[in-house]
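These are the residues of each chain, in order.
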Amino acid sequence: MEPLFIAASPTSPEIDFRFDQHTLSIKGESYPENAAAFYGPIIARVQAWLDGSKDAEITVNVSLAYFNSSSTKMLFTFFESLNNAAIAGNQVHLNWYHDEDDDTILEFGQELQDDFGALDFHDHAVSN
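The paragraphs below set out a description of the structure included in this document. Each chain carries its own residue numbering, running from 1 in the direction its sequence is written. Reporting in this predicted model follows two pLDDT cut-offs: at least 70 for local features of residues, and 80 or more for side-chain atom pairs to be given and counted; totals over whole chains, interfaces and linings ignore these cut-offs and use all residues. Each side-chain value is derived from all of the structure's non-hydrogen atoms; neither hydrogens nor water enter the calculation.

Paired rings are identified among Phe, Tyr and Trp, the last through its six-membered ring, by centres lying within 6.5 Å, and are further divided according to the angle between planes into stacked (under 30 degrees), edge-to-face (over 60) and tilted (the rest). Using the criterion set out here, one finds 11 aromatic pairs in the structure. Seen in terms of ring centroids, Phe76 and Phe108 are 5.4 Å apart; in terms of plane orientation they differ by 90°. Their pairing is edge-to-face. Of this pair, Phe76 sits in helix H2 (residues 69-87) while Phe108 sits in helix H3 (residues 103-115), placing them 32 residues apart in sequence. Within the aromatic cluster, the residues linked to one another by ring pairs are Phe17, Phe19, Trp49, Phe67, Phe76, Phe78, Phe79, Trp96, Phe108 and Phe116. A run of H or I in DSSP counts as a helix once it spans at least four residues, and a run of E counts as a strand once it spans at least two, with each numbered from the N terminus.

In structure tokens form, the structure reads like this:
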């Protein structure tokens with residue numbers, strides 16, 4: 001599958017999905033006007049790729065400084081797809097990057113770890 005790259009905008013994160021390398025990266029801030037319109041096609045593309053992935057080792061890097069509630073809903077859908085892929089036999093490593101002083105992003109990562117137990121979760125506090 002062709003890579004998917006979407007440059008960051010003031011309200012949406014950079015999406016850098018290198019399917020051939022089994023690496024998915026999201027970084028920046030996420031508060032697009034319509035989160036479903038932004039994330040829907042991205043999640044559909046990932047799901048199509050995951051449907052064809054068997055016994056793959058997948059690395060997911062997420063470094064979001066801020067995301068709004070509508071982005072949260074879409075991110076949960078994204079992580080649910082990854083969790084299902086892990087349950088199906090893929091190894092999914094989730095690297096969760098957050099500012100060391102940002103308790104909100106840290107807690108969201110901890111919630112992901114609790115909700116999506118099939119993911120190999122790694123928390124990374126980043127200092128400024």
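The next subject is the sheet that holds strand E4 (residues 57-67). Sheet architecture is open: six strands sit in the order E1-E2-E3-E4-E5-E6, paired in mixed fashion. Every interior strand has two partners, whereas the edge strands, strand E1 (4-6) and strand E6 (120-126), have only one. Each neighbouring strand pair of the sheet contributes to a mean axis angle of 10°, computed without reference to strand direction. Any two strands are treated as partners once DSSP identifies two or more bridges connecting them. With three bridges joining them, E1 and strand E2 (residues 14-18) adopt antiparallel strand pairing. From the neighbouring strand, Ile6 faces E2, where its bridge partner is Ile15. Against the sheet, H3 engages E4, strand E5 (91-99) and E6, with an angle of about 165° to E5. Under this scheme, a helix contributes an axis fitted over its contacting stretch, all axes are lines through C-alpha atoms, and angles between N-to-C directions fall in the 0 to 180 degree range. The contact rule is simple, with two residues in contact once any of their heavy atoms fall within 4.5 Å.

What follows is about the packing of helix H1 (residues 35-51) against H2. The interhelical angle for the contact between H1 and H2, taken along N-to-C directions, is 5°, at an axis separation of 10 Å. It follows that H1 is roughly parallel to H2 by the angle criterion. Only Ser70, Ser71, Met74, Leu75, Thr77, Phe78, Ser81, Leu82 and Ala85 of H2 make contact with H1, whose side of the interface consists of Ala35, Ala36, Tyr39, Gly40, Ile43, Val46, Gln47 and Leu50. Put simply, Ala, Val, Leu, Ile, Met, Phe, Trp, Tyr, Cys and Pro go in the nonpolar bin, Asp, Glu, Lys and Arg in the charged bin, and everything else, Gly too, in the polar bin. A breakdown of the residues in the contact of H1 with H2 according to their chemical character gives 11 nonpolar, six polar and no charged. These descriptions rest on fixed angle ranges, namely under 35 degrees for roughly parallel, over 145 for roughly antiparallel, 65 to 115 for roughly perpendicular, and the rest for oblique.

Only buried residues count toward a nonpolar core, which is a set of Ala, Val, Leu, Ile, Met, Phe, Trp, Tyr and Cys residues joined through side-chain atoms within 4.5 Å. To sort residues, take the accessible area from a 1.4 Å probe on protein chains only and compare it with the maximum for the residue type: under 20% means buried, over 50% means exposed, and anything in between is partly exposed. Phe17, Leu24, Val60, Phe78, Phe79, Leu82 and Trp96 are the most contacted members of the largest nonpolar core, which has 37 residues in total. Contributions of two or more residues to this core are made by E2, strand E3 (23-30), H1, E4, H2, E5 and H3. Each residue touching Phe17, except ones within four places of it in the same chain, is listed here: Pro3, Leu4, Thr23, Leu24, Ser25, Ile26, Ile42, Val46 and Phe78.

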